[in-house]
Amino acid sequence: MKEVFISCWSFFSKITNIWDRFIFLKDYEDEILMVLFGLAIIFGFFIYRLCFSITFFYLYITACVLILPRIMSMQNTVAFFSVSGVIFSFLLFKCNRIGAFVMCGVIAGMIGYMILPKEFAVAVAVLLSLIMVMFFPFHSVCIFMGLFGGLGFSSMMGLPVWLGIVWAAAGAIAQMYLFRKQDLFGQVLPPKLQYYLDSKKKES
């Protein structure tokens, strides 16, 4: 997971060149990743909207740097995406379900690439994650953020993948308990499934 994440970051950084001014962060790369993976394991559901906003801002900057210099100066381009990017990112922070679709899809795509580095595997993984989010948004965010953190930790420490999956499962369960009273998605389960479970409880 570490290698895939860094590859994605490096790809967009080479396109924009805007991140060269933050080259000093390279010296703290491992520490930053450890904190990110650790937060994803335990507080993934709490921070997923922030991660979504940052991801969008990063992609938005990349698109602006690729397109806008053809019609305006680089100085005006930086001024444009600095203001508009922050505004759009803030507005999207409020889009709970869109954020869930994007973050789960991105993480699933990275996992699919880890399993089989082919476009087909990535597409299948993303599609499955989107179906999960459609019916179980709360659980999906907890699971995929837990997988991102657990697999990231195991890759950072050079440990077996199965241990990362164990950490991911423990983190997902912890998140589902800690944030069980969340109100971002309303009902945690689909109405029909919730009705079925409630009827079973009444019968017992």
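As a reminder, the structure under discussion sits directly above these lines.
Residues numbered from 1 in each chain as written. Predicted model: local features only at pLDDT ≥ 70, side-chain atom pairs only at ≥ 80, totals over all residues. Heavy atoms only, no water.

Student: Can you tell me about the state of the cysteines, naming the residues and giving the values?
Tutor: The tally for this structure, following the rule as stated, stands at zero disulfides. Unpaired in this structure, C104 has its nearest cysteine sulfur neighbour in C142, at a distance of 9.1 Å. (Disulfide = S-S within 2.5 Å.)

Student: I'd love a proper account of the nonpolar core, names of residues and values included.
Tutor: F45, Y48 and M145 are the most contacted members of the largest nonpolar core, which has 35 residues in total. For this core, the secondary structure elements donating two or more residues are helix 1 (2–16), helix 2 (29–67), helix 4 (96–115), helix 5 (119–135) and helix 6 (137–157). If you tally residues by element for this core, the top one is helix 6, at 10 residues. If we skip the residues at most four places from it in the chain, M145 touches A40, I41, G44, I47, Y48, C51, I107 and Q175. Counting six residues, the second largest nonpolar core, distinct from the first, contains I61, C64, L68 and F81. (Core = buried A, V, L, I, M, F, W, Y, C linked by side-chain atoms within 4.5 Å. Buried < 20%, exposed > 50% of the residue type's maximum accessible area, 1.4 Å probe, protein only. Helix = DSSP H or I, 4+ residues; strand = E, 2+ residues; numbered from the N terminus. Contact = heavy atoms within 4.5 Å.)

Student: Can you break down the packing of helix 6 against helix 7 (residues 161–178) residue by residue, with the values?
Tutor: It is the contact of helix 6 with helix 7, at a shortest axis distance of 7 Å, that shows an interaxial angle of 145°. Here the hand of the crossing between helix 6 and helix 7 comes out right-handed. The segment helix 6 lies against helix 7, with F138, H139, C142, I143, M145, G146, L147, G150, L151, F153, S154 and M157 engaging V161, G164, I165, W167, A168, A172, Q175 and M176. Looking at side-chain class alone, the contact of helix 6 with helix 7 contains 14 nonpolar, six polar and no charged residues. (Axes fitted to C-alpha atoms, helices over the stretch in contact; angles between N-to-C directions. Left-handed = near helix turned anticlockwise from the far one by under 90°. Nonpolar A, V, L, I, M, F, W, Y, C, P; charged D, E, K, R; others polar.)

Student: Any chance you could break down the side chain of R49 for me, citing the residues and the numbers?
Tutor: Mapping R49 onto the fold places it in helix 2. Notably, R49 is buried but unbridged: the nearest opposite-charge side chain belongs to D183, and the N-O separation is 7.4 Å. Setting aside residues no more than four positions away along its own chain, R49 makes contact with F93, N96 and L184. (Lys, Arg positive; Asp, Glu negative; His and termini not counted. Salt bridge = Lys/Arg side-chain N within 4 Å of Asp/Glu carboxyl O.)

Student: Would you mind going over the side chain of Q182 in detail, with residue names and values included?
Tutor: Looking at the secondary structure, you find Q182 in the loop between helix 7 and helix 8 (191–203). Within the structure, the side chain of Q182 is placed 2.9 Å from the backbone nitrogen of L184, a separation counted as a polar contact. At a separation of 3.2 Å, a polar atom in the side chain of Q182 contacts the main-chain amide nitrogen of F185. (Polar contact = N/O pair within 3.5 Å; in protein donor to acceptor, adjacent residues only side chain to side chain.)

Student: Describe the packing of aromatic side chains, listing the residues and the values that go with them.
Tutor: Applying the stated criterion across every chain, the model contains 10 aromatic pairs. Taking 5.7 Å as the distance between ring centres and 35° as the angle between the ring planes, the aromatic pair formed by F45 and Y48 counts as tilted. In this pair, F45 and Y48 are both assigned in helix 2, three residues apart and thus about one turn of the helix distant. F45 sits in the buried class, given a relative accessible area of 4%. Taking the centre distance of 5.6 Å and the plane angle of 20° together, the rings of F56 and Y60 count as stacked. Placement of the pair is F56 and Y60 together in helix 2, with a separation of four residues, close to one helical turn. On the basis of relative accessibility, which here comes to 15%, the residue Y60 falls in the buried class. The cationic tip of R49 hangs over the ring face of F93; the distance from NZ or CZ to the ring centre is 4.4 Å. Across the ring face of Y177, the terminal group of R180 is positioned such that the distance to the ring centre comes to 4.1 Å. (Phe/Tyr/Trp six-rings, centres within 6.5 Å; stacked < 30°, edge-to-face > 60°. Lys NZ or Arg CZ within 6 Å of the ring centre and 35° of its normal.)

Student: Please provide a residue-by-residue account of helix 5, values included.
Tutor: Across its 17 residues, helix 5 extends 25 Å between first and last C-alpha, which sits within 8% of the 24 Å expected from 1.5 Å per residue. Turning to helix 5, its buried residues number three or more, namely A121, A125, S129 and V133. What you see down the axis of helix 5 is that its buried residues fit within an arc of 100°, all on one side. The outward face of helix 5, more than 90 degrees from its buried face, is lined by the exposed residues E119, F120, L127 and M134. Buried residues along helix 5 sit in contact with helix 4 and helix 6. (Expected span 1.5 Å × (residues − 1). Arc of directions from axis to C-beta.)

Student: Any details on the packing of helix 4 against helix 5? Residues and values, ideally.
Tutor: Look at helix 4 against helix 5: their axes get within 8 Å of each other, and the N-to-C directions meet at 145°. With respect to the hand of their crossing, helix 4 and helix 5 are arranged in right-handed fashion. Seen from helix 4, the contacting residues are R97, A100, F101, C104, G105, A108, G109, G112 and Y113; seen from helix 5, they are A121, V122, A125, V126, S129, L130, V133 and M134. Looking at the contact of helix 4 with helix 5 residue by residue, the classes come out as 12 nonpolar, four polar and one charged.

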